[in-house]
Amino acid sequence: MISSQVLQTAIDELKEITRVDLWIMDLEGHTLLSTFTDENIPADAVKLFADSVADSQVIQGYHFFKILDDKSLEYVLVSKGSGEDAYMIGRVAVSEIQNLLAAYKERVDKNNFIQNLLLDNMLLVDIYNRAKKLHIEVEAPRVVFIIETRREKDNIAMETLKTLFASRTGDYITAVDEKSIILVREVEENESYGDLEAAAQMMRDMLNSEAMSAVHISYGTIVEQINQVSKSYKEAKMALDVGKIFYSEKDIIAYNTLGIGRLIYQLPVQLCEMFMKEVFGENLPDTFDDETLVTISKFFENNLNVSETARQLYVHRNTLVYRLEKLQRSTGLDIRVFDDALTFKIALMVVSYMNYMKNQEY
C-alpha cells in the first residue's frame, strides 16, 4: 500500500492552497488521514455513501467522493462544505490521489518484475510481455551492480542511491536480500567498462560520506537483452564472493577482472584438497610462519625481483635468498623460478578458497 505520509502530504498541500479541509476515510467510516483533527465525519454516512452507486454526494454539509484504485473502491474522500468550491477541490484531490495510487502501483509492479528478473523466476515469454506492459525497454544494454552494506536493511544507503540516480529513468534500484542493494543500470551507447568503474567509485564515495556506510561493490558484464539481466546479476554475485576470497583489499570488483580466481572459485573443494596434497604433502602454505608468508607476498608483489624485495623488507639480499632457499627445502618449490612461482601463487589462492568454504560451513 502507498504510505500514509505520501497521502497526508498531498492533502496538506491542497489544504494550504485552497483552505478547504479534507479527510480520507476507509470504507467502514474510520478516519485514516485528515487536515483537521477536531471534527469527526459520521461513520454511518461514509458507509452509506460507499455502498451507493454515486461517485459523489453531499451529506450533512460535506462533499463525499469515491477514490478508485484500478476500478476498485479504495477510500472515501470528504471535503468540508457543500458548495461549488468544496466540490471542485474534492475532485482535484481525488484525481491527485488516484494518480498517486497508480504511480505507486506501477513502481511496485516494476520492482517485483526486476526482482523476479534478477532471480531468473520468469519464463521468457512472460519477461517480454510484462516488460511491454510496464513500459520497460527490452533491448537496452544493461549491467547489474551489487552494493553490499555492513548493516542489514540499510535504508539510508538505499535512499542515497535512489537520490543519486533519480534522473536516470532507465535505472532500477531494488533488493533481494537483507544486506545487498542492487542497481540495474542502463548503459549509454558510448560508455565503457572504465565508465562503469568510475560509476562504482562514485557510489562508494557517496555512500561513505553521505550514508556513513562502508560498502563493497561488484558488477557483472554488459548484456544487450532484458532476459540476460539475471546473467549479469549472477556474475556480479560471483565477483562479490571471489573478491572477498582473493582480493580482500579491494572494495570494488568487476567480474571481467577476476582472472584465475574465478576458475578456482568454481572448483570442487575435494579437487583442491587433492591438488594441495600433491604439491605440498602435509606442509600446507597456511602453516607457514608470518615472516615466511610476508616474504612470499612481497616477493610476488615485486615480480620475483630479489633485490627490490630485499629493499622493501629492509633485509640484506643474502638474507632474502636464505629465506627462499629454506622455503625451497621445505616445499620443493623454488619461487625464484617462474613455473614454481606460478604453482605456489595458485596454491596460496586455493588455500584462501578452501578456508573461505570451510568458514561458510559454520
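Scroll up to find the structure.
Residues numbered from 1 in each chain as written. Predicted model: local features only at pLDDT ≥ 70, side-chain atom pairs only at ≥ 80, totals over all residues. Heavy atoms only, no water.

### Re the pairing of strand β1 (residues 22-25)
For step 1, the next point in the chain: Where burial is concerned, the two faces of β1 agree: the one with Leu-22 and Ile-24 and the one with Trp-23 and Met-25 are both buried.
For step 2, the next point in the chain: Note: β1 against strand β2 (residues 31-34), three bridges, orientation antiparallel. Within β2, the position partnered with Ile-24 by the bridge is Leu-33.
For step 3, the next point in the chain: The antiparallel hairpin formed by β1 and β2 contains five residues in its connecting segment, where Gly-29 sits at a positive phi of about 95°. (Buried < 20%, exposed > 50% of the residue type's maximum accessible area, 1.4 Å probe, protein only. Helix = DSSP H or I, 4+ residues; strand = E, 2+ residues; numbered from the N terminus. Pairing = 2+ DSSP bridges.)

### Section: the packing of aromatic side chains
For step 1, the next point in the chain: With the rule as written, the count across this model stands at six aromatic pairs.
For step 2, the next point in the chain: When the centroid spacing of 5.9 Å and the interplanar angle of 40° are considered together, the rings of Phe-65 and Tyr-87 count as tilted. Pair noted here: Phe-65 is in strand β4 (residues 62-69) and Tyr-87 is in helix α3 (residues 84-118), with a separation of 22 residues, a long-range link.
For step 3, the next point in the chain: Take Tyr-87: its relative accessible area is 29%, and that puts it in the partly exposed class.
For step 4, the next point in the chain: An angle of 70° between the planes, with centres 6.3 Å apart, marks the rings of Phe-246 and Tyr-247 as edge-to-face.
For step 5, the next point in the chain: Phe-246 gets classed as buried once you look at its relative accessible area, which sits at 13%. (Phe/Tyr/Trp six-rings, centres within 6.5 Å; stacked < 30°, edge-to-face > 60°.)

### Describing the sheet that holds strand β5 (residues 72-80)
For step 1, the next point in the chain: The strand order across the open sheet built from five strands is β2-β1-β5-β4-β3, with neighbouring strands paired in antiparallel fashion. Both outer strands of the open sheet, β2 and β3 (56-59), are each paired with one neighbouring strand and no more. In this sheet, adjacent strand axes meet at a mean angle of 25° when their direction is disregarded.
For step 2, the next point in the chain: Against the sheet, helix α1 (residues 4-18) touches β1, β2 and β5, its axis set at about 45° to β2. (Axes fitted to C-alpha atoms, helices over the stretch in contact; angles between N-to-C directions. Contact = heavy atoms within 4.5 Å.)

### With respect to the packing of helix α11 (residues 306-313) against helix α12 (residues 317-331)
Each pair of packed helices gets described by two things: the angle between the helix axes and the distance between those axes.
For step 1, the next point in the chain: Packing of α11 against α12 brings their axes to within 9 Å, and their N-to-C directions diverge by 105°. Comparing the axis directions of α11 and α12 gives the class roughly perpendicular. Contact with α11, carried on its side by Val-306, Ser-307, Thr-309, Ala-310 and Leu-313, involves Arg-317, Leu-320, Val-321 and Arg-323 of α12 and no other residues of that element.
For step 2, the next point in the chain: Class assignment for the residues of the contact of α11 with α12 results in five nonpolar, two polar and two charged. (Parallel < 35°, antiparallel > 145°, perpendicular 65-115°, else oblique. Nonpolar A, V, L, I, M, F, W, Y, C, P; charged D, E, K, R; others polar.)

### Describing α12
For step 1, the next point in the chain: Between its first and last C-alpha, α12 extends 21 Å over 15 residues, near the 21 Å set by a 1.5 Å rise per residue.
For step 2, the next point in the chain: For α12, the full list of buried residues reads Leu-320, Val-321, Leu-324, Leu-327 and Thr-331. Summarising the axial view, the buried residues of α12 lie within an arc of 120°, below the 170-degree limit, and thus occupy one face. Looking at α12, the residues exposed on the side facing more than 90 degrees away from the buried face are Asn-318 and Arg-329.
For step 3, the next point in the chain: If you follow the buried residues of α12, they end up packed against α9 (269-280), α10 (290-301), α11 and α13 (338-360). (Expected span 1.5 Å × (residues − 1). Arc of directions from axis to C-beta.)

### A word on unusual backbone geometry
With the exception of glycine, the majority of residues adopt a negative phi angle, and the majority of peptide bonds are in the trans configuration.
For step 1, the next point in the chain: A positive phi angle is found at Asn-303, which is not glycine, with a value near 55°.
For step 2, the next point in the chain: Following the sequence through the fold, Asn-303 ends up in the loop between α10 and α11.
For step 3, the next point in the chain: Notably, Leu-304 is not glycine yet its phi reads approximately 65°, a positive angle.
For step 4, the next point in the chain: Mapping Leu-304 onto the fold places it in the loop between α10 and α11.

### Some details on the sheet that holds strand β8 (residues 180-186)
In a beta sheet, neighbouring strands pair by backbone hydrogen bonds and run either parallel or antiparallel.
For step 1, the next point in the chain: Taken in spatial order, the five strands make up an open sheet running β7-β8-β6-β9-β10, and their pairing is mixed. Single-partner strands in this sheet number two, and they are β7 (172-174) and β10 (252-254). Taken pair by pair, the neighbouring strands of this sheet meet at an average axis angle of 15°, ignoring direction.
For step 2, the next point in the chain: In this structure, strand β6 (residues 142-149) lies alongside β8, joined through seven bridges in antiparallel fashion. Across the sheet, Val-144 pairs through a bridge with Val-184, a residue of β8.
For step 3, the next point in the chain: Against the sheet, α3 touches β6, β7 and β8, its axis set at about 80° to β7.
For step 4, the next point in the chain: Helix α5 (residues 155-164) contacts β6, β7 and β8 of the sheet and is inclined by roughly 175° relative to β7.

Read these as geometric descriptors, not functional statements.
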